[in-house]
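Residue-level structural notes
Chain by chain, the residues run as shown.
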Amino acid sequence: MAGGVVVNAAGGKEYPGHMTAFVFFTCLVASSGGLIFGYDIGISGGVTSMDSFLQEFFPSVYAQAEASKDTNQYCKFNSQLLTLFTSSLYLAALATSFVAASVTRVFGRKWSMFCGGVTFLAGSALNGAATDVMMLILGRILLGVGVGFANQSVPLYLSEMAPAKLRGMLNIGFQLMTTIGILAANLINYATVGIAGGWGWRVGLGLAGVPALVITVGALALPDTPNSLIARGYREDAKAVLVKIRGTDDVHDEYADMVAASEEASAIAHPWRNILEPKYRPQLTVAVLIPFFQQLTGINVIMFYSPVLFLTIGFGDDASLMSAVITGLVNMFATVVSIVTVDRLGRRALFLQGGTQMFISQIVVGTLIALQFGTAGVGEMSRSNAMLLVLFICLYVAGFAWSWGPLGWLVPSEVFSLEIRSAGQSIAVCVNMTLTFIIGQAFLSMLCTLKFGLFYFFAGWMFVMTAFVALFLPETKGVAIEEMNLVWSQHWFWGRYVTVDGDGSRRGGGNRRTSGV
């Protein structure tokens, strides 16, 4: 040990750092960006199951649902216009992610968060006051712009502010806030569905402005990260922030490494082109496949449409919303499990355990629905089978909430070098939103076509993604972001692309080109 720096198990430097009040405050405020994402996931699924909402905006869907109460349960809500209401947000977030990458890099992480809060606030106002479908969808697009900015900047902010030993726990604060947003939305749906006059959906959609206001005001109070400040030329400010978040004046070595990383990053004029080089192939692969797999877990089947899903399989209106509240509670508490264990057990252990649990749960859920409704989609679920179904859906949600849910955002945000970090995070958000849009738009049609086989479809993907983690994802817990390339260079497969010189600098595999040249 020299100058407060030790060597960790990966052979990289380990800087001093602990949970200071300043770190806790900044990460708590930044994590509130997850509230807007989670609230929307919960509220959109709830209002699309409300008769008053369907009668006003989607009367044909309402008529179809009423007509099919005693017939095919799989197809009663199948409507591309209805799914466009939900999924248009994610298409807007997809398009925004590329703009957000530039804003995050040029103006800093905090102003990207601020932009997200402001646009989400505008979207919530428009949705709450909507009088036709076009107003609804325009509001959803503004919400999507807000989500695109928040999902680009918040995970980066958390990973850069947190000490390496606490990075997993603090980064998962984003996912915890997302689950709190989902639960709050489910409770609001449950409380407003019975409002006389049928305007309860306006309350739910309009209240999205509350979490938007939290992140908007909160972003103004936050400092930017040391990495971002250095990259933009504010070196003294960066050092002052680093001293505050580490709780010690002994930050010389970490600060020097940040400056060196920034200087190396500044030599790269085209991060979008450079990210395609062989030496970044491991990080790029992870940035694409982790969010790709996250959406193919099938979580959106549960979270977007849980009230609709429970209605489809025979629950009453209030019972379906109450079941969504139950899954929301499980989601939130299981995320706390991830926060407590991620920096102790590591990322791989949670991925593998959660993936196995989700695989089994999807098989059981699909089988229960198959036994009850078969391929015809006709039948009524008994109380005992319905309770068993809710149990396994809860086990599925718990597995997701301590594995693919939080880690799907954590891992892509921590594996990239500074010179391509914003571009890499943008790719991760882009892939996530693309798959979210596709599955959100296609789910009700897939349920109508594949029937109970839809759950087997997602179970098959669970097997594939769990195998990918077992073979190709190295452990990243406790490794400083600036030292992350050591992890890739020591991996049995990725080591052929990433090598590390004796002085710690990176080289690409094969052609051995130096970074940024």
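Model, not experiment: these values are computed from the prediction. (Residues numbered from 1 in each chain as written. Predicted model: local features only at pLDDT ≥ 70, side-chain atom pairs only at ≥ 80, totals over all residues. Heavy atoms only, no water.)

1. Side note on the overall build of the protein
- Of the regular secondary structure elements, the protein holds 25 helices and 4 strands.
- Counting over 517 residues, the protein shows a buried share of 62%.
- Here the contacts in the protein between residues at least 6 apart in sequence split such that 80% fall between residues at least 24 apart.
- Surface accessibility of the protein: about 17,900 Å² in total, with carbon and sulfur atoms responsible for 68%. (Helix = DSSP H or I, 4+ residues; strand = E, 2+ residues; numbered from the N terminus. Buried < 20%, exposed > 50% of the residue type's maximum accessible area, 1.4 Å probe, protein only. Contact = heavy atoms within 4.5 Å. Areas by Shrake-Rupley, 256 points an atom, 1.4 Å probe, with all protein chains shown as cover.)

2. A short note on the side chain of Thr178
- Structurally, Thr178 is set in helix H9 (residues 173-192).
- Residues in contact with Thr178, not counting those within four places in the same chain, are Gly34, Leu35, Phe37 and Gly38.

3. Considerations on the pattern of salt bridges
- Evaluation of the coordinates by the stated rule reveals 9 salt bridges.
- Two residues, Asp40 and Arg140, come together in a salt bridge whose shortest N-O distance is 2.4 Å. Of the two residues, Asp40 is situated in helix H2 (residues 33-47) and Arg140 in helix H7 (residues 133-161); the sequence distance between them amounts to 100 residues. With respect to class, Asp40 is no different from Arg140; both count as buried.
- With a shortest N-O distance of 2.8 Å, Arg232 and Asp224 are connected by a salt bridge.
- According to the relative accessible area criterion, Arg232 is partly exposed, its value standing at 25%. (Salt bridge = Lys/Arg side-chain N within 4 Å of Asp/Glu carboxyl O.)

4. Considerations on the environment of Leu296
- Mapped onto the elements of the fold, Leu296 is located in the loop between helix H16 (281-295) and helix H17 (299-303).
- Filtering out sequence-adjacent residues up to four positions away, Leu296 remains in contact with Leu435, Ile439, Phe457, Phe458, Trp461 and Met465.

5. A few points about the confidence of the model for the protein
- This prediction gives the protein a mean pLDDT of 81; 84% of its residues lie at or above 70.
- A low-confidence stretch, residues 1-12 (pLDDT under 50), is modelled with 28 contacts involving residues beyond four sequence positions or located in other chains.
- In the model, residues 502-517 has pLDDT below 50 throughout and makes 38 contacts with residues more than four positions away in sequence or in other chains. (pLDDT = per-residue confidence, 0-100.)

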